[in-house]
Amino acid sequence: MEQQFEGKIAIITGAASGIGYTVAHHLASRGARVIGVDLSDSVGALMAELPGKGHHGIARNLTAPEAAGEIVEETIRVAGVPHILVNSAGVALLDAAVDVPAARWQATIDINLSASFYMAQAAGRVMVDAGYGRIINLASQAAVIGLDQHAAYCASKAAIVGLTHVLSLEWAPKGVTVNAVSPTVVETPLGKKAWAGEKGEKAKREIPVGRFAQPEEVASLIGYLASDNAAMITGSNVLIDGGFTTV
Ligand SMILES: NC(=O)c1ccc[n+]([C@@H]2O[C@H](COP(=O)([O-])OP(=O)(O)OC[C@H]3O[C@@H](n4cnc5c(N)ncnc54)[C@H](O)[C@@H]3O)[C@@H](O)[C@H]2O)c1
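For clarity, every value in this text was computed on a predicted model and none was experimentally measured.

Focus: the sheet that holds strand β4 (residues 84-87)
Here is step 1 of the chain: Strand order in the open sheet formed by 7 strands is β3-β2-β1-β4-β5-β6-β7, with parallel pairing between adjacent strands. Both outer strands of the open sheet, β3 (56-59) and β7 (237-240), are each paired with one neighbouring strand and no more. Ignoring which end each strand starts from, the neighbouring axes of this sheet average 15 degrees apart.
Here is step 2 of the chain: Of the pairings in the sheet, the one linking β4 to strand β5 (residues 133-138) comprises 4 bridges and is parallel in character. Along β5, the bridge assignment pairs I84 with R134.

What follows is the structure, encoded as structure tokens:
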């Protein structure tokens, strides 16, 4: 396999599951050294088993405001200045808008939006100084369309796209690109839980390609945006939705 990411250091949040884990595997298979971060203690063992050497897991709750700076410091200590950041940690807490409890609203914003910002800010500081960086934020089709029971989720993901626009224009002159990726439902633990049963079958029928996305499809898009070849793409929100938001 082409060692496209040889010598690159990648921080990936949400690396113990779903899209984050699949991106970690994709980049590690192509030569990157991966620093995976997750709430789950399993992240250390999962990173140790990735292809290649020198991967490192950090079990951490990213909603602690001081976490991002400490994670970037630990990355520099164990591996070096990061070249790539993928913000994949997130939750989907679904409630009818009239019923959203304040705690679930806040929990959604804290991880989906604030933690992504703090990680981008902490990594962006050292990337700007180094003159190179690739930051990819997981948004969602929910960033550009409304979905039933997704008030907090849609709001958090639309905000990610706004944040991506600002970071991209501030850091483009410094060699740091910042993009968002917006999948339709992806068959991960989060996607399967949120779209179980007839609700999911109906949603598939409404997607022009007739199915949900696979984590590997999202990982290969993120791999492209994380590569040297994608230097001219910044500030984009790339939809990977089987045509759903165009109909
Ligand atoms: N699966 C989908 O259908 C889908 C669609 C569009 C966008 N997304 C987005 O992609 C991202 C990844 O989703 P996924 O499907 O892989 O989810 P997942 O549930 O499989 O994985 C998410 C990971 O984030 C971690 N995490 C959650 N809260 C955390 C915290 N406070 N601190 C540290 N880690 C934390 C979890 O432990 C988990 O390992 C999310 O941002 C999600 O909103 C998912």
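A word on unusual backbone geometry
Here is step 1 of the chain: Positive phi is not limited to glycine here, since Q149 has a value of about 70 degrees.
Here is step 2 of the chain: Along the chain, Q149 turns up in the loop between β5 and α5 (151-171).

Section: the environment of G235
Here is step 1 of the chain: By the element assignment, G235 lies in the loop between α8 (215-225) and β7.
Here is step 2 of the chain: Using a count of 17 C-beta atoms within 10 Å as the deciding quantity, one classes G235 as partly exposed.
Here is step 3 of the chain: Along the sequence, G235 and V166 sit 69 residues apart, while their C-alpha atoms lie 7.8 Å from each other.
Here is step 4 of the chain: Beyond its immediate sequence surroundings of up to four residues, G235 is in contact with T164, H165, S168, L169 and V178.

Side note on the site of the ligand
Here is step 1 of the chain: Surrounding the ligand, one finds 28 residues, the nearest of these being G14, G18, G90, L190 and G191.
Here is step 2 of the chain: For the shell around the ligand, the elements supplying multiple residues, two or more each, are α1 (18-29), α4 (102-130) and α6 (189-194).
Here is step 3 of the chain: Taken together, the residues of the shell around the ligand break down into 14 nonpolar, 13 polar and 1 charged.

Comments concerning the pairing of strand β6 (residues 176-183)
In summary, the side chains of a regular strand alternate between the two faces of the sheet.
Here is step 1 of the chain: In terms of residue burial, β6 counts as a mostly covered element, since 8 of its 8 residues are buried.
Here is step 2 of the chain: Burial of β6 is two-sided: the residues V176, V178, A180 and S182 facing one way and the residues T177, N179, V181 and P183 facing the other way are all buried.
Here is step 3 of the chain: Across 6 bridges, β5 lies against β6 in parallel orientation. Its bridge partner lying in β6, N137 is registered against A180.
Here is step 4 of the chain: Strand direction decides the pairing type here: β6 and β7, joined by 4 bridges, are parallel. The residue of β7 that forms the bridge with A180 is N237.

Each value, and the rule that gives it
Residues numbered from 1 in each chain as written. Predicted model: local features only at pLDDT ≥ 70, side-chain atom pairs only at ≥ 80, totals over all residues. Pairing = 2+ DSSP bridges. Helix = DSSP H or I, 4+ residues; strand = E, 2+ residues; numbered from the N terminus. Axes fitted to C-alpha atoms, helices over the stretch in contact; angles between N-to-C directions. Buried ≥ 20, exposed ≤ 12 C-beta atoms within 10 Å, placed from the backbone. Contact = placed C-beta atoms within 7 Å. Near = placed C-beta within 6 Å. Nonpolar A, V, L, I, M, F, W, Y, C, P; charged D, E, K, R; others polar.

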